[in-house]
Amino acid sequence: MATAVTRAMILAAGRGERLRPLTDHVPKPLLEIAGKSLIVRLLEALAAAGIRDVVINVGHLGDMIMQALGSDWQGLRIHYSDERDGRLETGGALVRALPLLGNSPFLLVNGDICTDFPWAQICQSSSARVHLVLVPNPMQHPQGDFALSAGMVALTGEERHTYAGIARLDPELFRDFPEQSAPLAPWLRQWIAAGLVEGNLYQGKWMDVGTPERLRAARRDCAEAGHGL
């Protein structure tokens, strides 16, 4: 029986190469927008949506993230999946984190996005093995990633959208994969081809804060709005 999601994993192990030199001394998820770090913004929103346990994978400057958040953050239980011995990419990171993720569906969230996405929506119970959130293609990714067809994600289609870095996943999908460095995208394409992936298009505020220019844009947008995204 499908149950509501109460656990999430935030991807926070990346080096943030495109944001150097900022990320030489501060891990990307701790970069601030309007007085709050990216990861704190995500934690606040996830907690408000009913998430109770968060797994964070840490790599580059991971000690700083663990020191900043601890293991009990405003009622959220924080668990860390250590990748300081070498980053595993998203697929491998998920396999390593499986013992911390439990047996029920969980949310997967990129640690470098700034958004007002309604998280409670994707936390609702569902029988789908995978749910991907897509957004209109940003300027830096005009070709998009996937299409939508009657609520299901498709590999091809006239109108393609960009994966938002937000997903709901069934951990059973990863049980047979070995723990090694591996991207998630090929697995997603395999599951999409098998008809396992539903999705939706979110057209609200969303930004991938992956470069100095986009970080400045997010800070400017928040300042103009008088609050965070």
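Criteria and thresholds
- Residues numbered from 1 in each chain as written.
- Predicted model: local features only at pLDDT ≥ 70, side-chain atom pairs only at ≥ 80, totals over all residues.
- Heavy atoms only, no water.
- Helix = DSSP H or I, 4+ residues; strand = E, 2+ residues; numbered from the N terminus.
- Buried < 20%, exposed > 50% of the residue type's maximum accessible area, 1.4 Å probe, protein only.
- Contact = heavy atoms within 4.5 Å.
- Salt bridge = Lys/Arg side-chain N within 4 Å of Asp/Glu carboxyl O.

Per an unreviewed UniProt entry, the protein is named Nucleotidyl transferase, and its organism is Acidithiobacillus ferrivorans SS3.

Caption draft 1: Broad picture of the environment of Leu 94. You can see Leu 94 is positioned in helix H3 (residues 89–101). Given a relative accessible area of 0%, Leu 94 falls into the buried group. A C-alpha to C-alpha distance of 12 Å links Leu 94 and Ala 12, two positions 82 residues apart in sequence. Sequence-distant contacts of Leu 94, defined by excluding residues within four places in its chain, comprise Met 9, Leu 101, Phe 106, Leu 108, Leu 169, Phe 174 and Leu 184.

Caption draft 2: Expanded view of the pattern of salt bridges. The full count for this structure, using the stated rule, is 12 salt bridges. Among the ionic pairs, Arg 84 bridges to Asp 82, the shortest N-O distance being 2.6 Å. By relative accessible area, which is 43% here, Arg 84 ends up partly exposed. Between Asp 170 and Arg 129 there is a salt bridge; the shortest N-O distance is 2.8 Å. Taken as a pair, Asp 170 in the loop between strand S12 (160–169) and helix H5 (185–193) and Arg 129 in the loop between helix H4 (119–123) and strand S9 (130–135) lie far apart in primary sequence, 41 residues in all. Given the relative accessible area of 14%, Asp 170 is considered buried. Since its relative accessible area comes to 31%, Arg 129 is described here as partly exposed. Several salt bridges converge on common partners, so that one network encompasses Arg 7, Asp 53 and Arg 77.

Caption draft 3: Unusual backbone geometry, seen in detail. Phi at Glu 89 is positive, roughly 65 degrees, even though this residue is not glycine. In the Ramachandran plot, Ala 150 falls in the positive-phi region, its phi being about 55 degrees despite a non-glycine side chain. Note on placement: Ala 150 falls in the loop between strand S10 (146–149) and strand S11 (152–154). Looking at Ala 150, the relative accessible area reads 85%, which means it is exposed.

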